[in-house]
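# Inside the fold
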Amino acid sequence: YRARLHMLAPVLMDVGFEFSQPEGAYYLFTDFSKISDKDDVSFAKWLIEEVGVATVPGSSFYNNKADGRKYVRFAFCKKFETMKGAADRLAQLPARL
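A brief structural summary. In this text the structure is predicted, and so the values were computed from the model without any measurement.

For the rest of this paragraph, the subject is the environment of Met 83. Of note, Met 83 is situated in helix H3 (residues 80-91). By relative accessible area, which is 4% here, Met 83 ends up buried. Measuring from C-alpha to C-alpha, the distance between Met 83 and Val 53 comes to 9.5 Å, with 30 residues separating the pair along the chain. Those residues in contact with Met 83 that sit more than four places away from it in its chain are Arg 4, Met 7, Leu 8, Ala 75, Phe 76 and Lys 78.

For the rest of this paragraph, the subject is the pattern of salt bridges. Counting across every chain of the model gives two salt bridges. For Lys 34, the salt bridge identified is with Glu 18, shortest N-O distance 2.7 Å. In this pair, Lys 34 sits in the loop between strand E1 (27-31) and helix H2 (40-51) while Glu 18 sits in the loop between helix H1 (2-15) and E1, placing the two residues 16 residues apart along the sequence. In this structure, Asp 88 and Lys 84 form a salt bridge, with 2.7 Å as the shortest nitrogen-oxygen distance. Taken together, the positions of Asp 88 and Lys 84, both in helix H3 and four residues apart, correspond to about one turn of that helix. Accessibility expressed as a relative area gives 37% for Lys 84, which makes it partly exposed.

Moving on to the sheet that holds strand E2 (residues 56-57). Read from one edge of the open sheet, three strands run E1-E3-E2, paired in antiparallel fashion. For this open sheet the edge positions go to E1 and E2, each flanked by a neighbour on one side alone. Both E1 and strand E3 (residues 71-75) contribute to a ladder of five bridges, which runs antiparallel. Residue Leu 28 lies in a different strand from E3, and its bridge partner there is Phe 74.

Basis of the calculations
- Residues numbered from 1 in each chain as written.
- Predicted model: local features only at pLDDT ≥ 70, side-chain atom pairs only at ≥ 80, totals over all residues.
- Heavy atoms only, no water.
- Helix = DSSP H or I, 4+ residues; strand = E, 2+ residues; numbered from the N terminus.
- Buried < 20%, exposed > 50% of the residue type's maximum accessible area, 1.4 Å probe, protein only.
- Contact = heavy atoms within 4.5 Å.
- Salt bridge = Lys/Arg side-chain N within 4 Å of Asp/Glu carboxyl O.
- Pairing = 2+ DSSP bridges.

So, in structure tokens, the structure goes:
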């Protein structure tokens, strides 16, 4: 998973997502508030429809759904080729905003 993380994380940082580097997880829990003013569910749907990358809305992980409104989770426990395709599409994100 380390290779997938090292491929995906720089792309996410470059396009404006904020997150802490995981020490053992297979996902990145990212703050997208500098990229979009959408809520997490709307932003996750937009990423699927417009960019072709699926995430999990951050509110899925909170009892108080409002606490996760500006977060989405990217899992990188996929095939390397799948992650490379996602990273390539995400790199084009600024042109789609």
